[in-house]
Amino acid sequence: MWANTALVVAATAHLKSPGIEGEGAGEPWMQPVVAYLEAPVRPTKSPKCDQTFVSRIGGPQNGTFTAPLLHNHRNHSRQCLYTFLAGPGQRVEVVFKSFNLRGSPPDGSAVGELPSCVHEYMDIYSEVQSSEPAELINSPFGGRYCGAIPPRRRISMYRAVAISFFSNKNVSTDLFEGTFRFINASEYEIGIPIAGSPCSYTITPSMSINKTGALISPTYPGAYPKDMSCTYQFLGESNQRVRLEFRDFDLFFGGPHCPFDYVKVYDGPDNSSALIGTYCGQQRNLVLYSSESSLFVHFYTLPRTANSQNRGFKGIYEFSESFVKLDFIRENDGIHIRGSECDQKILSNKESTGFVLSPNYPYPYIQKTVCRYFIYGMQDAQHLERVRLEFISFNIPKVEHKDKGESNCTDGYLKIYLKGQETADAYDKFDYELCGNETQRVISDGPRLAMVFSSGELQGRGFKGKYTFETEYKIPGTAAPDGTCSFTYVSSSKKRGELNSPRYPSNYPSDTNCSYLFLAEPNEQVTIVFDHFKIKADNNVNATAGSYGSGACFEDWLEMYVVYRDNNDRLLGRYCGLTAPGPVESPRGAVGLRITLHTDQESVASGFKARYFFESAKSDAGDCGGNFSNEDSGIITSPNYPAGYKAPGRGMASNACNWVMTARAGYKLSINFEQFGLEGDPANRGCPAAVLRLWVNVDSDQPPLELCGEKPPIEHWHYISTGQTARISFTTSDKTVGAQGFRIVWTEIQDSGPGPPSIGLLCESTYHFQCAAGYCISDKLRCDGVKNCGPGDDSDELHCITEAAEEDHDVLIIITLVVASSLICLLCTLCHSRRKRRNHVRQLGLHRNAHYDSQTSATAGLSSSRRHLQSGGASIAGSLHGINSGTLIIPPAPLPPTSVPPPPHICIAGVDMSHGLMNDEDDDEDDDDLELDEDQLAADIFINDVHFDEDNIDHVNQMANV
């Protein structure tokens, strides 16, 4: 406030003493100025550096001012006052050309913050209005400035501007320079003044000949004052509308909601009318229209210390009857966008429909008019729509061009934006530009569709279009033409792709039913793999088993079907919660797969995302598997069990193994899971990577059982088919990591009718064995090393223990057969060789030697060895039989031949060999008699009493070999 005190002292002293342009104070032209400020009675000595610039009748209306030349040898503080006084009907404009005061102010000081300027500064007052010089201290402070940045232009709010310069330098010169001029104040009087406000007016069409005028802020283009409230009330005639165009707009920007300085425009006669908008900062091309005949503008600045130098605004206004009439909007359920000439928005009423028209339709539209159309479908937590637009009538004249590359719509046009662009800088990116008589059917890319209609200079009838709001599902695929949630995926169009629930990853809408149909070529099959799955499920679902089946999923669910040519769809399963379906392949003979999604009216979830693949069809068994019929039992294992299954080969979407077991008439199938370990967690994420499906009756419409995870050792997974045939399908996907796999034992059992088997059930044939659990299985399955009676029942493997039972039966049988075969071959070789020798010697006519009768021990020994070999053969046979029957039976040895020629009498070193080779009569003799020394055998040889020495023994050997 001390700065204002200095201003008062300097101003009052100056008005009573001659100044630079203050001479002749008694002149008539000076009287209005004196009456305006009325100097005090007690005169004071005027400082040598004060200056006053006064508007004179007939005198100059502009000039320059500079900093004073001070010689302050005592280093006293000096303050100089520059006063600019305008005449009646005038205002003062001050502009600084140069400015270089001491100090390097930080950011903000150059726009009026006091603490930054200490040794040298300038204070500005542009709202001096009091007629009492002593009251000048109450004039609003306009800011303090120093450094090298000059203050902005100043326009006085009334008739005076005061500038106070302070310095404590010894010598000061060339510190600042500026210009001033006295301007006409009528430019700021834009209407009928409203009492109680220096800047509020009422504007009517009668105030100007052409019903137009200028709208300007109180001190434009100078920095506008603070703590100010100005209103502008535009009142037109009943058939008129008001147009307001801001050509320059510069207000302090305090944020997007304009909490400090602002301009508010209301669509009506006062501030109780509907608000068109609140504006601050810098605005470009701001043009506003009233809906009716009146408009109200409120300009407000915050009461605070000056910290900005914004210039305010300048524009033009117009009252006119030629602006577009808004009936074409109201009569067609549109909503006029306040502030625009003819812009409108159309809101959906949930799958509603209506019409959109050009202005003045069906009559010719007004020239040089631009109207925008914004059509909004529903978009919230439960709804998402798109816009379908079809034109019924269309006529916008076009100009023909010889250059085919140039658009013909150079005069009037209708541009369509499928993404619903709402900002003007995006209007060049249109999707359709229509003119002439062409029509177009379009569908928006989202919930909004925008159009821009420009009429140009040529008149036409315009257009009429029908819009329809359809639910937007954001599902890739070929949508149904009726707009329902039905999508088709055909192999001939795309071999692989994605699908998802409506609006994924956002929550799917409630009360919705969607269908996804996949159609393969005759030699193809389709595979579907799920990557994300979350469908709302009942809270009472057993979490350990997941949410699977109609008993668990009765609110929201997803169902999968196999589609056949006869339209006989087979249900694969119903899923909800987090239990994702396992990968699925359409079987050979099917035309494809179908997925349905059902949601009720309650809460929702994020839904699902999956991938589909069309691939060449595989055999009925798939990549592995097979068919089993007319067999008593079998074992099914996963590929590479127990080492673990693997993911499909590179480039393959899935692998599938299909096994079909068929029992004979009157029989069922017992299916026992001995070991089971697949990746997956039914309770938390389902079986998205690998799954085993079990059909206990392939002829039924019941869905298969779907299994993954790991079977605890203490649990029994045992199933009985409801018919003669059961099917097992094991499918892995490209997401598979691998696990141990499974081992399943299936057994044909006698059909005992409905209900569990009874212990008292009589098996049909003596070839059937009744298990402890009551099942009748083939007697061939007893003691086969496989538990065919089911889990916990070992009755078919009891009482099978023999001496060889602890060994491996297969290895024992093979070893026994090999040994027996070797012995038999050895006997045959010996017998055949000795028979040939005997016949040859007999032909030589040899006679027995007398030693034959005395040496028989060798023959007895050989007979004993033969008897022992025959006894061993019986033991081998008994072992083979005991493996199957559990009892040991030794069959009798075969009888010797009855007609055998007498053997030759051979005597070697006094030992008679003839009986030992061919006769079994002396079996009781000791075998040790045959153990002869080698020297004894080489001494003397007699054949049929003929002695052969070493010289002619070679001849006998040659004869024996013949």
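Rules used in this analysis
Residues numbered from 1 in each chain as written. Predicted model: local features only at pLDDT ≥ 70, side-chain atom pairs only at ≥ 80, totals over all residues. Heavy atoms only, no water. Disulfide = S-S within 2.5 Å. Helix = DSSP H or I, 4+ residues; strand = E, 2+ residues; numbered from the N terminus. Buried < 20%, exposed > 50% of the residue type's maximum accessible area, 1.4 Å probe, protein only. Contact = heavy atoms within 4.5 Å. Pairing = 2+ DSSP bridges. Patch = residues over 30% accessible without salt bridge, like charges linked within 9 Å, V, L, I, M, F, W, Y side chains within 5 Å. Areas by Shrake-Rupley, 256 points an atom, 1.4 Å probe, with all protein chains shown as cover. Salt bridge = Lys/Arg side-chain N within 4 Å of Asp/Glu carboxyl O. Axes fitted to C-alpha atoms, helices over the stretch in contact; angles between N-to-C directions. Polar contact = N/O pair within 3.5 Å; in protein donor to acceptor, adjacent residues only side chain to side chain. Core = buried A, V, L, I, M, F, W, Y, C linked by side-chain atoms within 4.5 Å. Phe/Tyr/Trp six-rings, centres within 6.5 Å; stacked < 30°, edge-to-face > 60°. Lys NZ or Arg CZ within 6 Å of the ring centre and 35° of its normal. pLDDT = per-residue confidence, 0-100.

- In the annotation of an unreviewed UniProt entry, the entry for the chain reads CUB domain-containing protein, and the organism field reads Drosophila navojoa.

### A few points about the state of the cysteines
Structurally, a disulfide amounts to a covalent bond that connects the sulfur atoms of two cysteines.
Then step 1. Across all of its chains, the model carries 13 disulfides by this definition.
Then step 2. Across the disulfide from Cys553 sits Cys576; the S-S distance is 2.0 Å. An S-S torsion of about -80 degrees defines the bridge between Cys553 and Cys576 as left-handed. Placement of Cys553 in the loop between strand S36 (524-534) and strand S37 (557-563) and of Cys576 in the loop between strand S38 (570-575) and strand S39 (584-585) is noted, with a sequence separation of 23 residues between them. When sorted by exposure, Cys553 lands in the same class as Cys576, which is buried.
Then step 3. With no disulfide of its own, Cys825 lies closest to Cys828 among cysteine sulfurs, the gap being 6.6 Å.

### Digging into the side chain of Asn672
Then step 1. Relative to the helices and strands, Asn672 is located in strand S45 (residues 667-678).
Then step 2. A relative accessible area of 7% places Asn672 in the buried class.
Then step 3. Dropping the residues within four chain positions of it, Asn672 is found in contact with Trp717, His718, Arg743, Ile744, Val745, Gly790 and Pro791.

### A look at the sheet that holds strand S5 (residues 90-99)
Then step 1. Strand order in this open sheet of four strands is S2-S11-S5-S8, and the pairing throughout is antiparallel. Looking at the sheet topology across the chains shown, the edges are occupied by strand S2 (62-66) and strand S8 (154-155).
Then step 2. Of the strand pairs in this sheet, S5 and S8 are connected by two bridges, and their pairing is antiparallel. By the bridge assignment for S8, Glu93 is matched with Ile155.

### Considerations on a nonpolar patch on the surface
Then step 1. A cluster of nonpolar side chains, contributed by Ile815, Val819 and Leu823, occupies part of the molecular surface with about 230 Å² of accessible area.
Then step 2. Tracing the backbone shows Leu823 in helix H4 (residues 809-843).

### Observations concerning the sheet that holds strand S50 (residues 725-733)
Then step 1. Ordered by their spatial adjacency, five strands build an open sheet running S42-S44-S50-S46-S47, and the pairing between neighbours is mixed. Each edge of the open sheet carries a strand with a single partner, namely strand S42 (624-629) and strand S47 (705-707). The mean inter-strand angle of the sheet, taken between neighbouring strand axes irrespective of direction, is 15 degrees.

### With respect to the environment of Glu245
Then step 1. Position of Glu245 relative to the elements: it lies in strand S16 (residues 241-250).
Then step 2. For the pair Glu245 and Val287, spaced 42 residues apart in sequence, the C-alpha separation works out to 4.3 Å.
Then step 3. Discounting chain neighbours no more than four positions away, the residues touching Glu245 are Leu286, Val287, Gly315 and Ile316.
Then step 4. Of note is the side chain of Glu245, whose polar atom sits 3.1 Å from the side chain of Arg243.

### Things to note about the pairing of strand S9 (residues 160-167)
Then step 1. Along S9, eight of the eight residues are buried, which leaves the element largely enclosed by surrounding structure.
Then step 2. With burial as the criterion, each face of S9 is covered, one bearing Ala160, Ala162, Ser164 and Phe166 and the other bearing Val161, Ile163, Phe165 and Ser167.
Then step 3. Across eight bridges, the pairing between strand S4 (residues 78-85) and S9 is antiparallel. What sits directly across from Phe84, in S9, is Val161.
Then step 4. Inspection of the sheet shows strand S6 (residues 120-125) paired to S9 by six bridges, in the antiparallel sense.

### Comments concerning the pairing of strand S27 (residues 413-417)
Then step 1. Counting buried residues in S27 gives five out of five residues, a clear majority hidden from the surface.
Then step 2. Neither face of S27 is exposed, since Tyr413, Lys415 and Tyr417 on one face and Leu414 and Ile416 on the opposite face are all buried.
Then step 3. When S27 meets strand S28 (residues 432-434), the two strands line up antiparallel, connected through three bridges. Residue pairing for S28: Lys415 is matched across the bridge by Glu433.

### As for the nonpolar core
Then step 1. By size, the foremost hydrophobic cluster in this structure holds 39 residues, and its most contacted members are Leu499, Tyr516, Phe518, Ile528, Phe530 and Ile595.
Then step 2. Taken together, the elements giving at least two residues each to this core come down to strand S33 (486-490), strand S35 (512-519), S36, S37, S38, strand S40 (592-599) and strand S41 (607-616).
Then step 3. Contacts of Phe530, omitting those with residues within four sequence positions, involve Leu558, Met560, Pro581, Ile595, Phe608, Lys609, Ala610, Pro688 and Lys735.
Then step 4. By size, the runner-up hydrophobic cluster in this structure holds 36 residues, among which are Ile190, Cys199, Ile276 and Cys280.

### Some points on the packing of aromatic side chains
Then step 1. Per the counting criterion, the structure on display carries 53 aromatic pairs.
Then step 2. Ring geometry for Phe299 and Phe313: centres 5.1 Å apart, planes at 80 degrees, overall edge-to-face. Of the two residues, Phe299 sits in strand S20 (residues 294-301) while Phe313 sits in strand S21 (residues 312-320), which places them 14 residues apart along the sequence. Pair check on accessibility: Phe299 and Phe313 agree, each one buried.
Then step 3. One aromatic cluster is present, built from ring pairs that chain together Phe53, Phe65, Tyr82, Phe84, Phe96, Phe99, Phe165, Phe176, Phe180 and Phe182.
Then step 4. When the ring centre of Tyr413 is taken as reference, the NZ or CZ atom of Lys415 above it lies at 4.7 Å.
Then step 5. Directly above the aromatic system of Trp695 lies the positively charged group of Arg727, at a separation of 4.5 Å from the ring centroid.

### Topic: unusual backbone geometry
Leaving glycine out, the prevailing phi sign among residues is negative, and the prevailing peptide bond configuration is trans.
Then step 1. Put simply, Tyr220 and Pro221 share a cis peptide bond, and its omega is 5 degrees.
Then step 2. Position of Pro221 among the secondary structure elements: in the loop between strand S14 (212-216) and strand S15 (228-235).
Then step 3. Looking along the chain, the bond that leaves Tyr361 and enters Pro362 is cis, with omega of 10 degrees.
Then step 4. Inspection of the secondary structure assignment puts Pro362 in the loop between strand S24 (353-357) and strand S25 (370-376).
Then step 5. The phi dihedral of Asp511 falls on the positive side, at around 50 degrees, and the residue is not glycine.
Then step 6. Note that Asp511 resides in the loop between strand S34 (496-500) and S35.
Then step 7. The phi dihedral of Asn630 falls on the positive side, at around 55 degrees, and the residue is not glycine.
Then step 8. Checked against the element boundaries, Asn630 lands in the loop between S42 and strand S43 (633-637).
Then step 9. Judged by its relative accessible area of 65%, Asn630 is exposed.

### Quick notes on the pattern of salt bridges
Then step 1. Tallied over the full model, the rule gives 38 salt bridges.
Then step 2. Between Glu245 and Arg243 there is a salt bridge whose closest N-O contact spans 3.1 Å. One exposure class covers both Glu245 and Arg243, and it is buried.
Then step 3. Glu585 is the partner of Lys618 in a salt bridge, and the nearest nitrogen-oxygen pair spans 2.9 Å. Residue Lys618 is found in the loop between S41 and S42, and its partner Glu585 is found in strand S39; the two are separated by 33 residues along the sequence. Neither Lys618 nor Glu585 differs from the other in exposure class; each is buried.
Then step 4. Look at the salt bridges and you will find they share partners, linking Arg152, Asp248, Asp250 and Arg311 into a network.

### Here we look at the side chain of Asp123
Then step 1. Position of Asp123 relative to the elements: it lies in strand S6.
Then step 2. A relative accessible area of 0% places Asp123 in the buried class.
Then step 3. Reaching out from Asp123, the side chain makes a polar contact with the side chain of Arg144 at a distance of 2.7 Å.

### Thoughts on the confidence of the model for the chain
Then step 1. In this model, the chain carries a mean pLDDT of 79, and residues with pLDDT of at least 70 account for 75%.
Then step 2. Every residue in residues 107-114 is under pLDDT 50, and counting partners more than four places away or in other chains gives 19 contacts.
Then step 3. Counting contacts from residues 844-939, a segment whose pLDDT is below 50, to residues more than four positions away or on other chains yields 131 contacts.

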